[in-house]
Amino acid sequence: GCRRWCHIFRNCRPTRDGSLLDNILIDNSNQTIKMKFTLFASLLATAAAFSVNKADIQKAAVAGAISFGIAVQPALAGDVGNGETVFNANCAACHAGGQNVIMPEKTLEKEALEQYLTGGRNEKSVITQVTNGKNAMPSFGGRLDDDAIADVAAYVIATSEAGWD
C-alpha cells in the first residue's frame, strides 16, 4: 500500500480506496502530472514485461527509461517558499540580501554565482556547496537534511534570477 511509498513522496496521504495514484499529492501541479505519468509508465512497463511478445518488452523498457528520467527531474526542484525560511534561519547571518559578509565579491547575485560557484549557477552546484562547504563557508550537510538543502538551493537560484532585495 501507500505507507510503503510515502517516504519517497512529499505530502503523501492515504485515501479511502487506498489507490496509489491518488496518494501522491505534490504541491506543484506539473510535478503531479509528471509523477502520475511516471507511475503509469512504470506500471505499464511492469505489466508488459510479463507478456511473451518481445516488441511489448522493448516498449516497456523504453517506457521505464522515460519514466525514470521524468521521476529524477522533479527531485532537484526544491520548495522555494520553504527555502526562504531555511535560508533566513541558517544562511542570512552571512548572506543577508544575497550578500557575503566574509568575502564581499562572492555574493549570491546572478553574475557572482556564474563566476565563482563551482559547476555554474544551478541548483545542483548550490546543493554541493551548501552540503560540503568551501573555503570560509562551513558545511551544512550534517545540520540540514537533503530536502532543506534542496529547498535553499531552489530559493537561492530563484532569488538570484529575480534579484535580491
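Preceding block: the structure.
Report on the accompanying structure. It should be emphasised that the depicted structure is a prediction, and the values quoted were computed from it without experimental measurement.

With that out of the way, let us pick up the side chain of Ser160. Looking at the secondary structure, you find Ser160 in helix α8 (residues 146-162). At a separation of 2.9 Å, a polar atom in the side chain of Ser160 contacts the side chain of Arg121. There is a polar contact of 2.9 Å between the side chain of Ser160 and the backbone oxygen of Ile157.

Quick look at the packing of helix α7 (residues 123-132) against α8 now. At their nearest, the axes of α7 and α8 sit 9 Å apart, and the two run at 125° to each other. As summarised for this structure, α7 and α8 are arranged oblique, according to the angle between their axes. Seen along the crossing, α7 lies across α8 with a hand that is right-handed. Of the residues in α8, those touching α7 at Glu123, Val126, Ile127, Val130 and Thr131 are Ile149, Ala150, Ala153, Ala154, Val156 and Ile157. Class assignment for the residues of the contact of α7 with α8 results in nine nonpolar, one polar and one charged.

What follows concerns the packing of aromatic side chains. All chains considered together, the criterion is met by three aromatic pairs. Taken together, a centroid distance of 5.3 Å and an interplanar angle of 55° make the contact between Phe87 and Tyr155 tilted. With Phe87 in helix α4 (residues 80-90) and Tyr155 in helix α8, this residue pair connects regions lying 68 residues apart in the sequence. Taken as a pair, Phe87 and Tyr155 share a single burial class, namely buried. Here Tyr155 and Trp164 contribute two aromatic rings whose centre-to-centre distance is 5.6 Å and whose plane-to-plane angle is 90°, an arrangement assigned as edge-to-face. This pair shows no difference in class: Tyr155 is buried, exactly as Trp164 is. Members of the aromatic cluster, joined through ring pairs, are Phe87, Tyr155 and Trp164. Stacked on the ring of Phe140, the Lys or Arg Arg143 has its end atom at 4.7 Å from the ring centre.

What counts and how
- Residues numbered from 1 in each chain as written.
- Predicted model: local features only at pLDDT ≥ 70, side-chain atom pairs only at ≥ 80, totals over all residues.
- Heavy atoms only, no water.
- Helix = DSSP H or I, 4+ residues; strand = E, 2+ residues; numbered from the N terminus.
- Polar contact = N/O pair within 3.5 Å; in protein donor to acceptor, adjacent residues only side chain to side chain.
- Axes fitted to C-alpha atoms, helices over the stretch in contact; angles between N-to-C directions.
- Parallel < 35°, antiparallel > 145°, perpendicular 65-115°, else oblique.
- Left-handed = near helix turned anticlockwise from the far one by under 90°.
- Contact = heavy atoms within 4.5 Å.
- Nonpolar A, V, L, I, M, F, W, Y, C, P; charged D, E, K, R; others polar.
- Phe/Tyr/Trp six-rings, centres within 6.5 Å; stacked < 30°, edge-to-face > 60°.
- Buried < 20%, exposed > 50% of the residue type's maximum accessible area, 1.4 Å probe, protein only.
- Lys NZ or Arg CZ within 6 Å of the ring centre and 35° of its normal.

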